[in-house]
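# Observations on chain architecture
One letter stands for each residue in the lines below.
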Amino acid sequence: MIQDGVEDEEKWLAAGITGLQQNAFYMHRALDSNNLKDALKYSAQMLSELRTSRLSPHKYYELYMRAFDELRQLEMFFKEETKRGCSIVELYELVQHAGNILPRLYLLCTVGSVYIKSKEAPAKDVLKDLVEMCRGIQHPVRGLFLRSYLSQVSRDKLPDIGSEYEGDADTVMDAVEFVLQNFTEMNKLWVRMQHQGAAREKERREKERSELRDLVGKNLHVLSQIEGIDLDMYRDLVLPRVLEQVVNCKDDIAQYYLMDCIIQVFPDEYHLQTLEILLGACPQLQPGVDIKTVLSRLMERLSNYAVSSAEVLPEFFQVEAFTKLNNSIGKVIEAQVDMTADGAVTLYSSLLKFTLHVHPDRLDFVDQILGACVMKLSSKGKLKDSKATKEIVALLSAPLDKYNDIDTALKLSNYSRVMDCLDDGTNKVMANVIVQSIMKNKTCISTADKVEALFELIKGLIQDLGEHLQDELDEDDFKEEQNSVARLIQMLYTDDPEEMLKIVCIMRKHILTGGPKRLPFTVPPLVFNSLKLVRQLQGQEENVAQEEASATPKKVFQLLNQTIEALSVVPVPELALQLYLQCAETANDCDLEPVAYEFFTQAYILYEEEISDSRAQVTAIHLIIGTLQRMHVFGVENRDTLTHKATGYSAKLLKKPDQCRAVYACSHLFWFDDQDGIKDGERVLLCLKRALRIANAAQQMANAARGNSGSVMLFIEILNKYLYFFEKGNSQITVTSIQSLIELITTEMQSDTLTHDPAADAFFASTLRYIQFQKDKGGAVGEKYEPIKV
Amino acid sequence: MNYIIGAFKPACNVSITFSDGKSRKQVPLKKENGQTLMVPLFKSQENISGKISIEPVQGKKVQHNGIKVELLGQIEMYFDRGNFYDFTSLVRELDVPGEIYERKAYPFEFSTVEMPYETYNGVNVRLRYVLKVTINRGYAGSIVEYQDFVVRNYSPPPSINNSIKMEVGIEDCLHIEFEYNKSKYHLKDVIIGKIYFLLVRIKIKNMDLEIRRRESTGSGANTHVETETLAKFELMDGAPVRGESIPIRLFLSPYELTPTHRNINNKFSVKYYLNLVLVDEEDRRYFKQQEITMYRLAETS
């Protein structure tokens, strides 16, 4: 059916064009022979093709354009005809003899154009006559094209100021009046299309209408180009008249398009000065009109205008542009009861952008906008509408982008209230945006209040909101997100220890609400941030004697202790252990023995109670040993307890090789290479011997279990330890013991049962090479090594 | 020369010339056979004078019982063709009985002739003025010659010329108000007016203004009425809505109109009407007819 329709239309168009060309041919012949009567006859017949009702606007336009070209030539002919002495007045009458109205009016407009040019009558009279006569066409499409033709032929002949057709005092008024009238009539016809024809063709009709809209809009363009319209006239006459038409036509499509047209065609400064009038029309528009886009465009234009030149800014203040826009938006939202949330948010978002451009210094305006937005949204609960949430994100991002500084957003009291309106997912997205902004700009948030506000904003990231379950979240995303939070925590820093302590407390308060999934990500940065504070305090203490300071390292350590304790709910004992050790080390640096001891105790408890995985135990014990080795704050007793424990743990590891390695590592606990460090050679040797025993046992176990003697790796490693302490001057380590160890290894390596291990071979070879090297060095070292035979 | 044919030829040539024939305005007149010829134009109360010359055919004499010229105003009904009714008849005797041997000219004059009616060529009736020269020859049959001329009478602009304004409609369907600027128009006049749509519930396709001429002849039971549409002028294209007003501007000059004739000698009347026709999408016609009076205004040039 539709296919047929299209084909038929093509056929009709073709027929129309043929008819038009045929008559145009005869018309040209008549023009060539200066036969006015025939020229009129054939031109009227030619124009009769435009009387068709069968074509869609698109096709009709094609036909119209052909007729238009022909009429240009006819107009030339008329012009020459008047030069030949034919009275233009007579000509003007003559064309009106045509019986059919449409050709008659096309001819009349054509002659009218010549008439104005001849200046035999004032342009305004001719124009007035033409625009009146055109009322005869009430068919929307034909009327629109006819009037568009009139507009086309008259646009360079308006009695504008400075134009050659300028008339008496009110000449501009005449020009304006003409264009306005044509505009009004065209709009009426255009609107009328909507109400004609069957209801089921609504969609097609709306499409056709949108094809025709520029014909109507062109009038506004013409209007905007009338030189004589000054601001007063625009404000008092032109704009009210145009708006009157726009409001009264009560048509969604027209109102939207025309409002947009007005905003686009007239100059910015006019808009600024007539803001009240323009905005006053908005609440009167139909509920279906997309006002938000219209207003957004307006604000966008004004923003650009404000940016374009600093000189215009005072005007904005003078007319109180912000207040007017804000009020108007409020009214529009009130008037359009069924406006969607996203519509309202878009409006506010545009207003916000405008404000940021025009009044970058007025944070109160921004806050006001956000406040209004909250008012609008709060009634609806959490937003489910994805478009609206997207808009809110845009709204909230705008100040961040503009100020490049989260500080500003933190000053906005309504900011977080707006965020509350978002659903959890979007809230998180927004929080992420904020975090990213901070990262990007490397903003340092340095007061407790701001930190508090910030955490309020990003609470979507910090804790679980509402009843949403985590499982729907992608694991990677979650990690990503928490990693940014971790990075953010690092940014919260100030040089003022008092303030910093407050910040730490606030961070702690918020972070601890994060639940088991987040804590492993967020606690470590918090701990390190706190430790940074401790080191800072320590640095200060050296300079200034702290009097009654609330921020003391002790206090921080207390907090830390509790903080790390929180990890127990997760549980991540390995991590907690690391953190305890880290704290212990810092406490060590602060010379706080009891604190350090306490941390170690905690670490040990964790080791004993929580870390059961053997591999984790190995890692943990090495960490403990490493940390403990560096501790210098402990007194003998404490130290003994701790080292004893550590050695004990080492010996109780599950796998023999692990045991062995842990034990020989323990040897370092008794030997500090510092000047005044502990150097207990006996116990070192004890450890090493014990390690050797374990290595032996390991070998035997391997033999028994698998029938081969396993690797000699452990022995080589122990040999290296021997060499280390030997070199450091531990008198308990003798050449003999080294010598026997080397022999042992050599024997083992030659044994049949040994599994061949190239790594061990290489290790051993390089160890021996090292001994040889030391020997060759000569001097004290060489002498020391001399007795060892390789 | 063929003598037999010659025998039936008129024995003389009669020609009628007007004394101001060269300067007088000539207008076209449609003859019965469809041809148009140019004839002089007169108006009432003018002197009609001229010369009648009679020239016998070479070598013949014309014997007659007297020569006269008549000025006749005649009305001819087509259903009664050939039967003229003379409403004006003036006679001038030109010669006493005698013989004419050679070309002879007779001046004549009808002074301030009363010719109240205009020449008219209608569908069923014709009103004409003619000069008739009769050479009375008794038994031999008279020789008669005619000369047509046209009479047009001019009227001053009427002192009272009200506009025609009227509201018409079909209940709950269509209400319009129309206005024509005058009720009396001269032949080259322009009809200016407006149509207001007060209520439109039908889908109108277009609207025309027609000029119709109603010619009625005869009287009583024998009255014949003939209506012609002389002009069909499209005023509006498409469907208007309530509140629209459509302008009318119709130039009358292109149409062949005559003044309104009322009851000419109890024989016929010619009246003019403006007929406003609205056509809806189903081609139903809604119309309202209004009489207008046509008159002939003296041409200034």
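Quick notes on the rules
- Residues numbered from 1 in each chain as written.
- Chains lettered and ligands numbered in written order.
- Predicted model: local features only at pLDDT ≥ 70, side-chain atom pairs only at ≥ 80, totals over all residues.
- Helix = DSSP H or I, 4+ residues; strand = E, 2+ residues; numbered from the N terminus.
- Rg over C-alpha atoms; globule rule 2.2 N^0.38 Å.
- Buried ≥ 20, exposed ≤ 12 C-beta atoms within 10 Å, placed from the backbone.
- Contact = placed C-beta atoms within 7 Å.
- Nonpolar A, V, L, I, M, F, W, Y, C, P; charged D, E, K, R; others polar.
- Domains from an automatic or database assignment.
- Expected span 1.5 Å × (residues − 1).
- Pairing = 2+ DSSP bridges.
- Axes fitted to C-alpha atoms, helices over the stretch in contact; angles between N-to-C directions.
- pLDDT = per-residue confidence, 0-100.
- Core = buried A, V, L, I, M, F, W, Y, C linked by C-beta atoms within 7 Å.
- Parallel < 35°, antiparallel > 145°, perpendicular 65-115°, else oblique.
- Left-handed = near helix turned anticlockwise from the far one by under 90°.

### Looking at the overall build of chain A
Each helix and strand counted, chain A has 38 helices and zero strands in total. Against the 2.2 N^0.38 benchmark of 28 Å for 790 residues, chain A shows a C-alpha radius of gyration of 46 Å, more extended than a compact globule. Principal-axis analysis of the C-alpha atoms gives chain A an extent of 140 × 70 × 55 Å. The buried share among the 790 residues of chain A stands at 43%. Residue pairs in contact within chain A that sit at least 24 positions apart in sequence constitute 73% of those at least 6 positions apart.

### Regarding the interface of chain A and chain B
Between chain A and chain B, the contact holds 17 residues from the first and 17 residues from the second. Of the residues contributing to the side of chain A that touches chain B, the split by class is four nonpolar, eight polar and five charged.

### Brief notes about the domain arrangement of chain A
Residue and element names in this part refer to chain A. Domain annotation for chain A reports domain 1 (1-121), domain 2 (123-266) and domain 3 (571-643). Summarising the inter-unit geometry, the C-alpha centres of domain 1 and domain 2 are found 23 Å apart. On the side of domain 2, 21 residues touch domain 1, which itself brings 20 residues to the contact. Sorting the residues of the side of domain 1 that touches domain 2 by element identifies α3 (57-83) and α5 (101-118) as the ones contributing at least two each. The element best represented in the side of domain 1 that touches domain 2 is α5, accounting for twelve residues. Residue composition of the side of domain 1 that touches domain 2, by class: 14 nonpolar, five polar and one charged.

### Considerations on helix α31 (residues 614-630) of chain A
All names here are of chain A. Helix length check: α31, at 17 residues, gives a terminal C-alpha distance of 25 Å against a target of 24 Å (1.5 Å per residue), a fit within 8%. Those residues of α31 lying buried are Gln 617, Val 618, Ala 620, Ile 621, Ile 624, Ile 625, Thr 627 and Leu 628. Where the residues of α31 are buried, they touch α29 (573-589), α30 (593-609), α32 (636-651) and α33 (656-666).

### Looking at the domain arrangement of chain B
All names here are of chain B. By domain assignment, chain B separates into domain 1 (3-151) and domain 2 (164-295). For domain 1 and domain 2, the distance between their C-alpha centres works out to 41 Å. Counting residues at the interface gives twelve residues for domain 1, matched by 13 residues for domain 2. The set of elements that each furnish at least two residues to the side of domain 1 that touches domain 2 consists of β6 (67-77), β7 (84-95) and β11 (125-135).

### Notes on the pairing of strand β21 (residues 268-280) of chain B
All names here are of chain B. Alignment of strand β17 (residues 204-217) against β21, held across 13 bridges, turns out to be antiparallel. The residue bridging Thr 217 from the neighbouring strand is Phe 268, located in β21. Alignment of strand β20 (residues 261-264) against β21, held across two bridges, turns out to be antiparallel. Each residue of the ladder has a partner; that of Ile 264, found in β21, is Phe 268. What sits between β20 and β21 in their antiparallel hairpin is a turn of three residues, with Asn 265 showing a positive phi close to 50°. Two successive antiparallel strands, β21 and strand β22 (residues 285-295), enclose a turn made up of four residues, where Asp 283 displays a positive phi of approximately 65°.

### Notes on the sheet that holds strand β14 (residues 174-180) of chain B
Residues and elements named next belong to chain B. Read from one edge of the open sheet, four strands run β13-β14-β16-β19, paired in antiparallel fashion. Two strands close off the open sheet at either side, each with one partner strand: β13 (164-170) and β19 (245-251). When the angles between neighbouring strand axes are averaged without regard to direction, this sheet yields 20°.

### Looking at the confidence of the model for chain B
Low pLDDT marks stretches whose predicted atomic positions should not be read closely. Residue and element names in this part refer to chain B. The predicted model of chain B averages 90 in pLDDT, with 96% of residues at 70 or higher. Low pLDDT (under 50) marks residues 1-6, which in the prediction has one contact with non-local residues, meaning those over four places away or in another chain. ipTM for the predicted complex: 0.89, alongside a pTM of 0.74.

### A look at the sheet that holds strand β9 (residues 104-110) of chain B
All names here are of chain B. Spatially, the three strands line up as an open sheet ordered β1-β4-β9, and their pairing is antiparallel. Bordering the open sheet on either side are β1 (12-18) and β9, each of which pairs with just one other strand. Averaged over all neighbouring strand pairs, the angle between strand axes comes to 20°, with direction disregarded. Strand direction decides the pairing type here: β1 and strand β4 (residues 48-56), joined by seven bridges, are antiparallel. The residue of β4 that forms the bridge with Ser 15 is Ser 53.

### What to know about the nonpolar core
Residues Leu 105, Tyr 348, Tyr 580, Ala 691 and Ile 718 of chain A are the most contacted members of the largest nonpolar core, which totals 265 residues. With twelve residues, the top contributor of residues to this core is helix α8 (residues 171-193) of chain A. Setting aside residues no more than four positions away along its own chain, Leu 105 of chain A makes contact with Met 133, Cys 134, Gly 136, Ile 137 and Leu 146 of chain A. Formed by 18 residues, the second largest nonpolar core is a distinct cluster that contains Ile 67, Val 69, Met 115 and Ile 135 of chain B.

### Some remarks on unusual backbone geometry
Residues and elements named next belong to chain B. One non-glycine residue with positive phi stands out, namely Asn 265, at about 50°. By the secondary structure assignment, Asn 265 is in the loop between β20 and β21. For Asn 266, which is not a glycine, the phi torsion comes out positive at approximately 60°. Its place among the elements puts Asn 266 in the loop between β20 and β21. Exposure remark for Asn 266: the 11 C-beta atoms within 10 Å place this residue in the exposed category.

### Describing the packing of helix α2 (residues 36-48) of chain A against α5 of chain A
Residues and elements named next belong to chain A. Closest axis-to-axis distance for the α2/α5 pair is 8 Å, and the angle between their directions is 120°. The orientation of α2 relative to α5 falls into the category oblique. Where α2 crosses over α5, the two elements pack in a sense that is right-handed. Mapping the contact onto sequence places Ser 43, Ala 44, Leu 47 and Ser 48 in α2 and Leu 102, Pro 103, Tyr 106 and Leu 107 in α5.

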